[in-house]
Structure formats: C-alpha cells, structure tokens
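A structural walkthrough
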Amino acid sequence: MLEPIIKVNNLRIVYNEGRANEYYALRGESLEIFPREYIILFGPSGCGKSTLLYSLLGILPPSSGEVLVKGENPYKYDWRQMVKFQRSTVGIIYQSFNLIPSLTVKDNVALPLIFASVSPGERNKRAMQLLKRFGVDQHADKFGTNLSGGQMQRVAVARSLVNDPEILFADEPVGNLDSISAGQVMDTLEEINMKDQKTVILVTHDAKLLPYAHRVYYLKDGTVEREVANPEKKQIKQIDPGTSILSEIEKLSRIYPYATPQELRVKSIVNFLTQDIGFDQIERLEKNVGAFIDGKLTNQGFVERLAKGIDEGGPEISKDRAEIFKEKINIILKEAREIRSYRDNFTAKVTSPRQAERIAEVRAELIRECAMQLPDEAIPRFEELLKFRMRGFIQQEDFRRRLEIPPEEGGLGVAPDTARTASWYLEKLIGQGMYL
Amino acid sequence: MRAGDAFKLSTRMFKTNPARTWLTVLGMGVGTSAVVMLVGLGFGLQNILLEKIVFGDTLLSLTVSPPSTNAVVLDQDAITKFKTMPDVLDVSPLADFQSLITYNGLSANTDLQGVKASYFKYAGIAMAAGQPFSDDPKDKNNIILSSAALQLFGVEDPKDILGKNVSFRVIPNAVNGSGAQEQVTLQGTFTVTGVTNDVAAIYAMIPLDTLSAQIGITSYSKVQVRAASSNVLNTVQTAIIADGYQVSALSKTVEQANQIFGGIQIVLAGFGGIALIVSAIGMFNTMTVTLLERTGEIGVMRTIGASPRDIQFLFLAEAVVVGFLGGMTGMGIGIAGGLIINYALNVVATHFGGTAVALFAFPGTFLLFITCFSAVVGFITGIFPARRASSISPLEAIRYK
C-alpha cells in the first residue's frame, strides 16, 4: 500500500482568530497526496487554495488540525529542522517569480545552495546544468529583471529544483504569463513530474491547466468541494474499482470549472430538456465550428468532420444536419460581414448606394429566416427600423416592440413570436459582425 | 553561509541602490569626520603645548627652591649635597640679582640670572632667536635676554638685538642691617647672543662664572636637579623635600596638562559625538527603510532555505560594512578638513608675523580606534533591523507589497 507523502487532517486555518475581522480560510479539510502525483488545487480567488499551499510549505501554522509531510509535522520542527525541510524536502515557485533583482540569474538559482554553504564551483555547476536544461543558460550572467516573464519563471523553476527537493509547490505559476510562455512553463512542470518524479502541487484558478494534473481538488469558500481524478492520466493514488465513477457531472465540471455540483446538475438537466445533443458533442462541435469560422476548414471538410463518429473524436452529427449547419453558418457570416461593412461606413461617414443595398440584404435574410409576412408597402418602414438598430440608435427591445406595434400606430404589426425571433436573430448577426 | 558569499550578498546595495548607499556612508562619514576633526584638534593643541615646553632633560629635572621661611638656604653646601645624592645626575643652580641693564643709552630694571649652560636644558628654556651660551670661556661675555626684556627697549624683532652690546649694574643682595644699596658695575662688554621666547618675565641671563667672578654669591634662588631617570624622579623629589626645600617638577605640569587635554578631548569628542549620533540615527533610518523594501525578498529567501540567522547576519554585515566605510570616509574628510583649516590658519598667521603651527594631530592609534568604533556604531544601528528581519514570518514577508 502506497503511503501518502502529504497528509492533511481536519486542517482549519483562521486568520485573525477571535477578532472582528476573523476569516475562515480553511474549514477543517482533509486530503492525501501521494509521491509523484501532480495535484492541482483549483478554485476562484479567496477559496483557500493558496492558504492550503502555504500551510503545506510549512510557513502557515494551522489553527487546528494537522499537516504531515513524509509522516512528520513541520510545525513541530525547530528552526534547524525547518531549514533542512525547506532545503531538502520542498521547493516553491511563485506567480510573480520572486527572483532577487540584485543577483544574476546564476546566483539566483544557486541562492539556496549559497545558504547551504555549498562551494562556489559546485553550486555554479549545478545552477548552470539546470539553466541549460530549461533553456535559459545564455542569460546566466544577466540580472533577473532583464528577462521576459517566461524566462524568469523558468529561472525560478531552476532555483526551486537546485536543492533537488521531493515536492515542488507552484503558486499560480503561469498567472502572469502570456499563453505561449505559460505553455512552456506548464510543460516544464509536467516534465519535472513525469521525468524527475517529483510531487508537484500547483495552485491555480485557470481551468485550462486542469488536464495537467493527476487529480484536482476543487476548493470553494474554504472547503474542498470535490476531488476529481483526471481520466486521461494513469492514476498513482489507488482507487478501488467501484468507489469512484466518472459521471457526466465530472466532465461538465471541466467545461464549467467554477460551478458547484448543484449548478452542474441543473445544467445537465436543462441540456437534456432543450438540446438533443450532449455536452460531449457540443464540445467537439464547438471545436469544429471554431476551425470553420476561422477559415481553417473548407465547406466539405466541415461537413465531414461533423459527421465523424464519437469514437473517432467527432461530434457524430448526421450528414444532412451538418449540411444545414454549414449553410446557416455561411449565411450568418455573410450577413455579419454586411452589417460590419455597414457600420464601418456609417462611422466613417461614407455615403454610398451600397449602404442601402446592405440594409436590403439583411432585411431579406430576416424575412427569409423568420418567415415574416410583410406587405410590400411595409418594407421601407422595416428597412428604416433596421437602419436605426444597426446604427445603434435604438435597443433590441425597441426594435422588437416596433415590429409588434400595429401599422396604424406607426409599427409593422408582426406577430409577437415572429418579432421576438427576428430581433433575436438580428442581434446574433450584429454580435457576429462586431467581432469579425 | 560562507563568509565570501555573506560579503557579496551584504554589499549588493552598492549595485542596486548606489546613490542611497553612498549617501548613507557619507552621512556616517560626516558624523565621524566631526569626531576626527575635533579630537584631532585636541591632540594638536596638546602637542603644541608639549612641544614648546618639553625636552627630554626638562622632564627629568626638578626645580628646587628655598622655602619661603628661609629656614634652609640654597647655598654651595646644599648643591654639593644634592650632587652626592644617589640617582642625581647633575645640578645646575641659578643665582639672581636685581640689576640695571643699559642698551643704546637706555637703562631699565631687570633680573640678572647667572646660570650654567646646562640650566637651559633642564629648565626647558626655548629660544626665540639666537643661541644659548655655552660654558666655554669664549662665551663668558655672551648674554641672553627674555622677549619681555626686549620690550623695555622697544625692540620688535628679537633678531635685531642679536650681536648688540649691553652693560649691567648689579644691586647685590642687601646685607642684613646695612640698609644701604650699593650698585656694582659689571666689568666688561656683554653681547646679546640669544633671546628666549618668554614674553612674561623680564630677565637677562649671564654665565654663572662671569657673575661669580665679580660678585660674591652666597645663595641661589633656584636649582635644577637632573634625576637619572623618570623612575627615580619621585625618590629624589622626596629626599630633597625631606631636607626642607620646595620642589616642583615639570613632569607634574605635563601630567596635569595631559589631564586637562584629556578633558578637553572628551568635550570635543562629545560635540563630535552628537554629530555622529545624528548620522547613526540617519543610518538606522536607512537600514529600517531597506528592511521594509526587502521584506518580500526576505520572505522568498526564507522559503528557499535561508535560516533566520542567515537573514540576521546579512543585515548586520550590511550595517557593519556601511559603518566601516562611513568611518573611512569620515577619516578622509576629517583629516583633509583639519589639514585645510590648519593650512589656511597658518597662511594667515605667517602673514601677520606669527609662526606656523600644526593645529591638528591624528595619532595612528586614534585612527585605528575610529575605524573600529565606526564599524561598531554600524553594528549597533544594524541590530534592531536585523533582528526584525529575522523574525518576520516568511508568509507575511512574501505577501508584503
């Protein structure tokens, strides 16, 4: 039976206990982390995830309960044992990198060894090895502040590993980084977990990072709400068959990371009531629509992709339906472009006969899509109304109401449900046009 | 942590914040320089005094004079007795008479003192111009005047009277009961060969042999007794006092002068010390600000394996380095300032006919003391910030913004 490297029993941490500004950061949580696991403590800000991390690091004493690292309680250490713990058992990287600006990159990495009185030759060798491994050795003699964020974080990773600790803590390590640097740093951490076999404990509020972990602890308001094992990774923690089942709710939580289990249940039910395709399909469909509107897929390619079966990684949508989707998307994009051009010309104060044609184009599409029945003499008034909305003179609600109002009162006398559909569809087109 | 690394880490501020660090050093330097300059002035004044009055022989001489009761007299017997005392190297008497000195047709009262050449050394008489006479017979008509005596004749520059001739009429000690005062003209022409720097007493000095050849000397008014060494000075003094004479020793005066200057130096150092305290407070302030500024850094260091002692040590080392450099700077400023002031004063003094003097002195031991002292002041100002730095909770330090 594998022994956990970190064991937390009923950990309760209260800031300013007994005072008016008393704050419960953790409310008696228990968890176990096993050697070589990659754990993410996930939750919105203020959920207690960082509190838990710093408590495990040995610098935030529990109000009650117990933290055991390798079977020992770091809060019972004297300062010498504490220093030893920090030098040999744990390493940490921070969101803001926290390099010492007055030291060179090399000295920053070697700093833990400097405190441990390691000879300059040996520590420089070790520092350079790590810098080289993380691809920042060419900056070794620069000062930390002259590096990019991604480089700084890789230097910080090197620093955290220079003592060869067993556990690596990371507090929002990519929170300050652009997506490319973030990807590099996350891959580095994964490599440290897989290749160096270090236990990695990462704190984040970013759901994109969740697939990196073996297990994710979801925290909210100082409690661990649930623990989810990543089905894509071979688990280290032994899970007895039958004790855990990966349900739709777990999958949903990846799409809506901040939702509570209650909210996820509601979403699941509403999805069933309103849509005939499941979340899995929706997710894959979204991916393909994204590629299609970015122009990365041809019409033909799009249809074929949608038709791919679930087993092949597709959303499994029938060919006929996929054709309809394709048509509708093309129309939406076309109309969105018309609206965009109309607005661009309008704001640039360009007058052109094409402007009227664009209004007519959108009008025709609305009438077609929503099957509106309009007498010919109402057409100019409808176009006038469209112009107002597209120029932003009236709101969606005004537009819908004026469609409904009887002709004798200056409206168009459209049936209420048709008016709602038409204004809803128009808003979609305008919205698409704005973000083309 | 290794000493070299500690030094490297605790001198980072010269790179990261050179302006502020050097200003702190300068602040300490100015404070220290006040101490250096003022105490240096004390040493200088002391040296001037001692240089003027102290010669080796002078310090080892006792001035013996008869008691005011005249119970015992300083006559030839007494001198012989002193000479035969153990530990007495030499005896040099002074016989003096009231006399009239005539120069350039002007006459004035003066004290005529007959002495041997050795008296000059033993009494510590310094010359403003010319040379004292020797015991050689060719010098028998050479005389010495005090600077004060020159004023009788309106002579400004002592050099002007050198080589000039004067004559004396001596009024020998009144024989008891006779009441009559006879004047005896000293035979011979006397040439002034030297002028002492004494501006208070009016006297002329003549070789004792010349004087005794013409006037009967029954007693002496002073005798300089040269002791063999400073160790026996007190023994000799006690022995002579036991015979009923009054004894004063210049070494006592020097001792007293040293005591007084010790006091003066303490006062001067006190004034300088105030400046130093002000700069130490400034440095303390800077160290505290530095602490606040580095709070985050301290937290990071604590989480990557620095012990509280490492942190404390770094802060203390930094304070000592700044204090030490402050001391060095202060010495530079103080010595340079002293020398500049001295130079300026000497230019003025020599312009108005005075003599150039070294008003400031900086003994090596004193400078060594200042070096250590400034490092200690740095250390003391660093104690509180260092202790605080080492006791900050790492978590609070990390979260400190």
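The structure displayed is predicted, hence computed values, not measured ones.

Things to note about the overall build of chain B
Across its full length, chain B holds 15 helices and 11 strands. The proportion of buried residues among the 401 residues of chain B is 39%. For chain B, restricting intrachain contacts to residue pairs at least 6 apart in sequence, the fraction spanning at least 24 positions comes to 83%.

So, the overall build of chain A
For chain A, the count of helices and strands is 15 helices and 9 strands. Scored against the burial criterion, the 436 residues of chain A give a buried share of 36%. When contacts within chain A are restricted to residue pairs at least 6 apart in sequence, those whose partners lie at least 24 apart make up 61%.

Focus: the nonpolar core
In this structure, Leu41, Leu53, Leu56, Val109, Ala158, Phe169 and Ile201 of chain A are the most contacted members of the largest nonpolar core, which totals 118 residues. Considering every element that reaches this core, the biggest residue donor is helix α13 (residues 308–351) of chain B, with 12 residues. With sequence-adjacent residues up to four places away left out, phenylalanine 169 of chain A is seen in contact with Leu53, Leu56, Leu57, Val90, Gly91, Ile92 and Ile201 of chain A. Listed in part, the 49 residues of the second largest apolar core include Tyr103, Leu112, Tyr122 and Phe168 of chain B.

Some thoughts on helix α9 (residues 279–293) of chain A
The periodicity of an α-helix, 3.6 residues per turn, causes residues three or four positions apart to be oriented the same way. Taking 1.5 Å per residue, 15 residues should reach 21 Å; α9 of chain A reaches 21 Å between its end C-alpha atoms and fits that length. For α9 of chain A, the secondary structure elements touched by its buried residues are α10 (299–307) and α11 (319–347) of chain A.

A word on the interface of chain A and chain B
With 21 residues of chain A in contact, the opposing surface of chain B contributes 18 residues. At the level of secondary structure, the elements contributing two or more residues to the side of chain A that touches chain B comprise α1 (49–57), α2 (79–88) and α3 (105–115) of chain A. Grouping the amino acids of the side of chain A that touches chain B by side-chain chemistry returns 14 nonpolar, 5 polar and 2 charged.

Some thoughts on unusual backbone geometry
Outside of glycine, negative phi angles account for most residues, and trans bonds account for most peptide bonds. Residues and elements named next belong to chain A. With phi around 50 degrees, lysine 70 is a residue other than glycine that occupies positive phi space. Among the structural elements, lysine 70 can be located in the loop between β4 (64–69) and α2. Judged by local crowding, lysine 70 falls into the partly exposed class, with 15 C-beta atoms found within 10 Å. Backbone geometry at asparagine 98 places phi at a positive 55 degrees, although glycine is not the residue there. Relative to the assigned elements, asparagine 98 resides in the loop between β5 (90–93) and α3. Residue class for asparagine 98 comes out buried when judged on the 23 C-beta atoms lying within 10 Å of it.

Digging into helix α15 (residues 416–434) of chain A
In this model α15 of chain A runs 27 Å from its N-terminal to its C-terminal C-alpha over 19 residues, within 8% of the 27 Å that 1.5 Å per residue would give. Contact partners of the buried residues in α15 of chain A: α11, α12 (353–369), α13 (379–391) and α14 (396–404) of chain A.

Re the sheet that holds strand β1 (residues 6–15) of chain A
Residue and element names in this part refer to chain A. An order of β2-β1-β4 is seen for the 3 strands of this open sheet, with the pairing classed as antiparallel. With partners counted over all chains shown, the strands left at the sheet margins are β2 (23–33) and β4, one partner each. With strand direction ignored, the average angle separating the axes of adjacent strands in the sheet is 20 degrees. Across 5 bridges, the pairing between β1 and β4 is antiparallel. Within β4, the residue paired with lysine 7 across the bridge is leucine 68. Seen against the sheet, α1 touches β1, β2 and β4 and runs at an angle of roughly 120 degrees to β1.

Considerations on the sheet that holds strand β9 (residues 223–229) of chain A
Residues and elements named next belong to chain A. Overall, mixed pairing links the 6 strands, which are arranged β5-β6-β7-β3-β8-β9 in an open sheet. Only two strands of the sheet have a single neighbouring strand rather than two, namely β5 and β9. Each neighbouring strand pair of the sheet contributes to a mean axis angle of 20 degrees, computed without reference to strand direction. By the bridge criterion, 4 bridges tie strand β3 (residues 38–42) to strand β8 (residues 215–220) in an arrangement that is parallel. Its bridge partner being in β8, isoleucine 39 is matched across the sheet by arginine 215.

Remarks on the pairing of β9 of chain A
Residue and element names in this part refer to chain A. Across 6 bridges, the pairing between β8 and β9 is antiparallel. Among the inter-strand pairings, tyrosine 218 is bridged to a residue of β9, identified as arginine 226. In textbook terms, the turn of a hairpin is the stretch between consecutive antiparallel strands, and for β8 and β9 this stretch comprises 2 residues, one of which, aspartate 221, has a positive phi near 50 degrees.

Some remarks on the packing of α12 of chain A against α15 of chain A
Residue and element names in this part refer to chain A. At a minimum axis distance of 10 Å, the contact between α12 and α15 shows a crossing angle of 135 degrees. In terms of axis orientation, α12 runs oblique to α15. α12 and α15 meet at a crossing whose hand is right-handed. Contacts between α12 and α15 involve Val362, Leu366 and Glu369 on the former and, on the latter, Ala422, Tyr425, Leu426 and Leu429. When the residues that make up the contact of α12 with α15 are grouped by side-chain class, the tally is 6 nonpolar, no polar and 1 charged.

Quick look at the packing of α11 of chain A against α12 of chain A
Residues and elements named next belong to chain A. The contact between α11 and α12 brings their axes to 10 Å, and the two run at 150 degrees. Crossing handedness for the pair α11 and α12: left-handed. Listed contacts from α12 to Ile331, Glu335, Glu338, Ile339, Ser341, Tyr342 and Asn345 of α11 are Gln355, Arg358, Glu361, Val362 and Glu365. In terms of residue class, the contact of α11 with α12 is made up of 4 nonpolar, 3 polar and 5 charged.

Here we look at the environment of isoleucine 167 of chain A
Residue and element names in this part refer to chain A. With respect to the helices and strands, the residue isoleucine 167 is situated in strand β6 (residues 167–171). Judged by local crowding, isoleucine 167 falls into the buried class, with 22 C-beta atoms found within 10 Å. Distance from isoleucine 167 to tyrosine 38, taken between C-alpha atoms, is 10.0 Å for residues 129 residues apart in sequence. Isoleucine 167 has contacts with Ile5, Thr89, Val90, Lys198, Thr199 and Ile201, leaving out every residue within four places of it along the chain.

Describing the environment of isoleucine 310 of chain A
Looking at the secondary structure, you find isoleucine 310 of chain A in the loop between α10 and α11. Along the primary structure isoleucine 310 of chain A and glutamine 281 of chain A are separated by 29 residues, whereas in three dimensions their C-alpha atoms are 7.8 Å apart.

As for the confidence of the model for chain B
The pLDDT averaged across chain B works out to 86; a share of 96% of its residues lies at or above 70. The complex prediction reports pTM at 0.67, with the ipTM value standing at 0.71.

Digging into the environment of arginine 309 of chain B
Residue and element names in this part refer to chain B. Along the chain, arginine 309 turns up in helix α13. Take arginine 309: there are 14 C-beta atoms within 10 Å of it, and that puts it in the partly exposed class. With 78 residues separating them along the chain, arginine 309 and arginine 387 place their C-alpha atoms 9.0 Å apart.

Procedures and definitions
Residues numbered from 1 in each chain as written. Chains lettered and ligands numbered in written order. Predicted model: local features only at pLDDT ≥ 70, side-chain atom pairs only at ≥ 80, totals over all residues. Helix = DSSP H or I, 4+ residues; strand = E, 2+ residues; numbered from the N terminus. Buried ≥ 20, exposed ≤ 12 C-beta atoms within 10 Å, placed from the backbone. Contact = placed C-beta atoms within 7 Å. Core = buried A, V, L, I, M, F, W, Y, C linked by C-beta atoms within 7 Å. Expected span 1.5 Å × (residues − 1). Nonpolar A, V, L, I, M, F, W, Y, C, P; charged D, E, K, R; others polar. Pairing = 2+ DSSP bridges. Axes fitted to C-alpha atoms, helices over the stretch in contact; angles between N-to-C directions. Parallel < 35°, antiparallel > 145°, perpendicular 65-115°, else oblique. Left-handed = near helix turned anticlockwise from the far one by under 90°. pLDDT = per-residue confidence, 0-100.

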